[in-house]
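Single-letter residue listing:
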Amino acid sequence: MARKNPNIVITGTPGVGKTTHAEELARNLGFRHVSVNQIVKDEGFHEGKDAETGAWVVDEDKLLDHLESTSLSATGGVILDWHACDLFPERWIDLVLVLRCDSTTLYDRLTARGYKGKKLDENMDSEIMQVLLDEARESYREEIVVELRSDSVEDVEGNVERED
């Protein structure tokens, strides 16, 4: 059975605007926004936090089982918002939006969030080396991976209004 609506992943380094994009796009399309990080926290699909970075150590099997049980793969109309995309089965995903941000802008956003030390360095390196864009391109068909800029409010508005 074909999905009635596509499933979309919005991914990128922390601080690039994933949640803002996901909420706006979900509102405009009438889709369901799923914050994967919130599910990990709320449902306990983790093994605690990494001592150095403070990031959740995610139990990917439990997370994927939960997402599949919510009819994500069958019904569609879901926008997944998370910093990674390569764990989602390709059969679930119809479009991958990889948000990118200017390094100076991203640095300011992350330091405003209290990122420092190893956590700040790893996220900055990830963005500069386009790690998440490469992951998306390696995990999904080229034609469904779209790179978008997210440096300003105008970028968000333009990205959400795109029709191509």
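Now for a quick tour of the structure. (Residues numbered from 1 in each chain as written. Predicted model: local features only at pLDDT ≥ 70, side-chain atom pairs only at ≥ 80, totals over all residues. Heavy atoms only, no water.)

Here we come to a negative patch on the surface. Side chains of Glu60, Asp61, Asp65, Asp86 and Glu138 sit close together on the surface and give a patch of like negative charge. Here the negative patch gets three residues from one element, more than from any other, and that element is helix H3 (residues 60–69). Position of glutamate 138 relative to the elements: it lies in helix H7 (residues 131–139). On the basis of relative accessible area, glutamate 138 is assigned to the exposed category, the value being 68%. (Patch = residues over 30% accessible without salt bridge, like charges linked within 9 Å, V, L, I, M, F, W, Y side chains within 5 Å. Areas by Shrake-Rupley, 256 points an atom, 1.4 Å probe, with all protein chains shown as cover. Salt bridge = Lys/Arg side-chain N within 4 Å of Asp/Glu carboxyl O. Lys, Arg positive; Asp, Glu negative; His and termini not counted. Charge placed at Lys NZ, Arg CZ, Asp CG, Glu CD. Helix = DSSP H or I, 4+ residues; strand = E, 2+ residues; numbered from the N terminus. Buried < 20%, exposed > 50% of the residue type's maximum accessible area, 1.4 Å probe, protein only.)

Attention now goes to the nonpolar core. By size, the foremost hydrophobic cluster in this structure holds 26 residues, and its most contacted members are Leu63, Leu80, Phe88, Ile93 and Val96. In terms of nonpolar packing, the next biggest core, distinct from the first, is built from 19 residues, Ala22, Phe31, Leu120 and Val156 among them. (Core = buried A, V, L, I, M, F, W, Y, C linked by side-chain atoms within 4.5 Å.)

What follows covers the sheet that holds strand E6 (residues 95–100). Within the open sheet, the five strands sit side by side as E2-E5-E1-E6-E7. Their pairing is parallel. Every other strand in the sheet has two partners, leaving strand E2 (32–35) and strand E7 (145–149) as the edge strands with one partner each. Neighbouring strand axes in the sheet, compared pairwise and without regard to direction, differ in orientation by 20° on average. Two strands pair when backbone bridges link them, and strand E1 (residues 8–11) and E6 are joined in this way by four bridges, in the parallel orientation. Each bridged residue has a counterpart across the sheet, and for valine 9 the counterpart in E6 is valine 96. (Pairing = 2+ DSSP bridges. Axes fitted to C-alpha atoms, helices over the stretch in contact; angles between N-to-C directions.)

So, on to the side chain of asparagine 7. Structurally, asparagine 7 is set in the segment before E1. Looking at asparagine 7, the relative accessible area reads 0%, which means it is buried. Engagement of the side chain of asparagine 7 in a polar contact is seen with the backbone nitrogen of glycine 77, the distance being 3.4 Å. Within the structure, the side chain of asparagine 7 is placed 3.2 Å from the backbone nitrogen of valine 78, a separation counted as a polar contact. (Polar contact = N/O pair within 3.5 Å; in protein donor to acceptor, adjacent residues only side chain to side chain.)

When two helices pack together, their arrangement is given by the angle between their axes and by how far apart the axes lie. It is at 11 Å that the axes of helix H2 (residues 36–43) and H3 come closest, and there the two elements cross at 110°. Classified by the interaxial angle, the pair formed by H2 and H3 is roughly perpendicular. Contacts between H2 and H3 involve Val36, Ile39, Val40 and Glu43 from the former and Leu63, His66 and Leu67 from the latter. (Parallel < 35°, antiparallel > 145°, perpendicular 65-115°, else oblique. Contact = heavy atoms within 4.5 Å.)

Two elements in contact, helix H5 (residues 103–112) and helix H6 (residues 117–128), have axes separated by 11 Å at closest approach and are oriented at 155°. Regarding the angle of H5 to H6, the classification is roughly antiparallel. For the pair H5 and H6, the sense of crossing is right-handed. On the side of H5, the interface is formed by Ser103, Leu106, Tyr107, Leu110 and Thr111, while H6 contributes Leu120, Asn123, Met124, Glu127 and Ile128. The residue inventory of the contact of H5 with H6, partitioned by class, reads six nonpolar, three polar and one charged. (Left-handed = near helix turned anticlockwise from the far one by under 90°. Nonpolar A, V, L, I, M, F, W, Y, C, P; charged D, E, K, R; others polar.)

Next up on the list: unusual backbone geometry. In this structure, glutamine 130 is a non-glycine residue whose phi angle is positive, near 50°. Structurally, glutamine 130 is set in the loop between H6 and H7.

On to the packing of aromatic side chains. The tally for this structure, following the rule as stated, stands at one aromatic pair. Arranged with centres 6.3 Å apart and planes meeting at 55°, the rings of tryptophan 82 and phenylalanine 88 form a pair that is tilted. The burial state of tryptophan 82 is the same as that of phenylalanine 88; both residues are buried. Over the ring of tyrosine 115 we find lysine 119, and its NZ or CZ is 4.4 Å from the ring centre. (Phe/Tyr/Trp six-rings, centres within 6.5 Å; stacked < 30°, edge-to-face > 60°. Lys NZ or Arg CZ within 6 Å of the ring centre and 35° of its normal.)

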